[in-house]
Amino acid sequence: MSDAISTSGEIEPQTGLRSVKWGRYSVPIIGALIIAFFWLRFATFFTEGGIRFMFAGRVTIGFMTLGLLIPLAAGVFDLSVGSMIGFSGMFLIWMEKNDKVPNVWVGVLITLIVCAAWGLINGVLVTKFRINSFIATLGTSSIIQATTYRISDNQRQADAFSEGFQNVVEKQTWPWGQVMAFWYLVIAAILLWWVLEYTPIGRYLFATGGNPEAARLAGVKTNRYIIGALVSSSVLAGLGGVIFVAQQNAASPDTGPPFLFSAFAAAFLGATQFKGRANVQGALLAIFLLAFLSRGLQLEFPGAVWPDPMADGLVLIVAVAAASIDWAGIRRWRRNRGSAGRHPDVAAPGTGEPAGEPAG
């Protein structure tokens, strides 16, 4: 709750709409304006096929973003999630096409285990070797990318999966014919939201990220939580990669890294909302705000390739700026300025003299 300073110098609590920190809700407000603008401009903006394509196209970025939230809560970065997307998809296709596994589901399990191993390497580098997480995960990202090029022979791979496996992620459901992949993202988001907000694991993660030394002195095994956060991040990114190749029935060695900025934009943008820290609900809103803006720009400029990066950068800057504005300070300044002009005979705080006149 924000407070106002009265003309008598006393602090008066504000209630109702004036107490709302509007910057914490900049994403839904901006999102509503974007949807209204493009809906009025293009009759096809809300067609069933368009909504299905827009949401399905953000599933991979959604899993990357959820993965990023966990290390961000623990106060570390994971720049390897982009390369992990490309690696997991290519590794699964490589195993499937070369008959390395008895069936695709065993391949999925092995892929996620290997992704967890990459995350464990990240965690050990950060906690045991004391390498900054930005540098450590940037380095492993390059190694993961090189591994992807090696197993793919720098070639696009396709047509590795059966129709049944593809239907697991591509089957359309209600509403708007949403594909199953979208609901997997929703389920993952709900589970992560519950863990971060309502379990000791979430509290310890945020304690580690907020003040690791104080958390350590309080008995939190901070290194363990950092390692766990990086392993979880890699597994979620790997799952996003598996879903992506199942949707496309193809993988390219360059898939993944181009999604990295979109995922970080959604994670950071979501962190400005509601709680002022990494949170799942803010991240999901940010993901789909960017999706709506991207669709609108694609309708405005058909065939252009720049709408996605334009949407990511523009909305990130505008929404974070809106969240950073001291709206309460502006209201106090306007109130005090108006009070001084309307009530010249009111005593200035602490002087006993009329406001605007020098104390005797």
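Residues numbered from 1 in each chain as written. Predicted model: local features only at pLDDT ≥ 70, side-chain atom pairs only at ≥ 80, totals over all residues. Heavy atoms only, no water.

A. Representation of the overall build of the chain in the model. Scanning the chain for helices and strands turns up 15 helices and 6 strands. Counting every position in the chain, which comprises 360 residues, the buried fraction comes to 47%. Summarising the internal contacts of the chain: among those between residues at least 6 apart in sequence, 72% fall at separations of at least 24. As displayed, the chain has an accessible area near 18000 Å², and 63% of this comes from carbon and sulfur atoms. (Helix = DSSP H or I, 4+ residues; strand = E, 2+ residues; numbered from the N terminus. Buried < 20%, exposed > 50% of the residue type's maximum accessible area, 1.4 Å probe, protein only. Contact = heavy atoms within 4.5 Å. Areas by Shrake-Rupley, 256 points an atom, 1.4 Å probe, with all protein chains shown as cover.)

B. Seen up close, a nonpolar patch on the surface. A cluster of nonpolar side chains, Phe 77, Phe 129, Ile 131, Phe 134, Ile 135, Leu 138 and Phe 268, forms an exposed patch at the surface whose accessible area comes to about 640 Å². Looking at the nonpolar patch, the element that brings in the most residues is helix H6 (residues 133-152), giving 3 residues. Since its relative accessible area comes to 35%, Phe 268 is described here as partly exposed. (Patch = residues over 30% accessible without salt bridge, like charges linked within 9 Å, V, L, I, M, F, W, Y side chains within 5 Å. Salt bridge = Lys/Arg side-chain N within 4 Å of Asp/Glu carboxyl O.)

C. Expanded view of the confidence of the model for the chain. Here the chain averages 86 in pLDDT, and 84% of its residues register 70 or above. With pLDDT under 50 throughout, residues 4-11 is counted as low confidence; its partners more than four residues away or in other chains account for 14 contacts. The low-confidence segment residues 355-360, where pLDDT is below 50, has 8 contacts with residues more than four positions distant or belonging to other chains. (pLDDT = per-residue confidence, 0-100.)

D. Highlighting H6. Taking 1.5 Å as the rise per residue, H6 with 20 residues should run 28 Å; its terminal C-alpha atoms sit 28 Å apart, in good agreement. Here H6 has its buried residues at Ser 133, Ala 136, Thr 137, Thr 140, Ser 141, Ile 144, Gln 145, Thr 148 and Ser 152. The buried residues of H6 occupy an angular sector of 165° when the element is viewed end-on, so they sit on one face. Exposed residues on H6 whose side chains face more than 90 degrees from its buried face are Ile 135 and Arg 150. (Expected span 1.5 Å × (residues − 1). Arc of directions from axis to C-beta.)

E. Unusual backbone geometry, seen in detail. Of note in this structure, Asp 99 is not a glycine but carries a positive phi near 55°. Turning to its location among the elements, Asp 99 is positioned in the loop between helix H4 (81-97) and helix H5 (104-127). Classification of Asp 99 as exposed rests on a relative accessible area of 68%. Not every positive phi belongs to a glycine, and Phe 274 is a case in point at roughly 65°. For Phe 274, the position within the fold is in the loop between helix H12 (260-271) and helix H13 (280-300).

F. Summary view of the packing of helix H8 (residues 180-198) against helix H9 (residues 200-210). Remark: H8 packs on H9, axes separated minimally by 5 Å, with the N-to-C direction vectors making an angle of 70°. Taken as axis vectors, H8 and H9 run roughly perpendicular relative to one another. Packed against H8, whose contacting residues are Val 195, Leu 196 and Tyr 198, the element H9 presents Ile 201, Gly 202, Arg 203, Leu 205 and Phe 206 at the interface. Here the contact of H8 with H9 is composed, by residue class, of 6 nonpolar, 1 polar and 1 charged. (Axes fitted to C-alpha atoms, helices over the stretch in contact; angles between N-to-C directions. Parallel < 35°, antiparallel > 145°, perpendicular 65-115°, else oblique. Nonpolar A, V, L, I, M, F, W, Y, C, P; charged D, E, K, R; others polar.)

G. Seen up close, the environment of Phe 77. By secondary structure assignment, the location of Phe 77 is in the loop between helix H3 (59-73) and H4. With 156 residues separating them in the primary sequence, Phe 77 and Ser 233 have C-alpha atoms 9.9 Å apart. Aside from chain neighbours lying at most four places away, what touches Phe 77 is Leu 72, Ser 133, Thr 137, Leu 230, Phe 264 and Phe 268.

H. Examining the pattern of salt bridges more closely. Here the structure, examined in full by the defined rule, presents 6 salt bridges. As a salt-bridge pair, Arg 41 and Glu 300 come within 2.6 Å of each other at their nearest N and O atoms. Within this pair, whereas Arg 41 is found in helix H1 (residues 26-41), its partner Glu 300 is found in helix H13, the two being separated by 259 residues in sequence. A relative accessible area of 46% means that Arg 41 is categorised as partly exposed.

I. Spatial organisation of the side chain of Gln 166. As for its placement among the helices and strands, Gln 166 is situated in helix H7 (residues 163-170). If we skip the residues at most four places from it in the chain, Gln 166 touches Phe 161, Ala 246, Gln 247 and Asn 249.

J. Molecular detail of the side chain of Glu 197. Secondary-structure assignment places Glu 197 in helix H8. For Glu 197, a relative accessible area of 16% corresponds to the buried category. Among the polar contacts listed, one links the side chain of Glu 197 to the side chain of Arg 277, at a separation of 3.0 Å. (Polar contact = N/O pair within 3.5 Å; in protein donor to acceptor, adjacent residues only side chain to side chain.)

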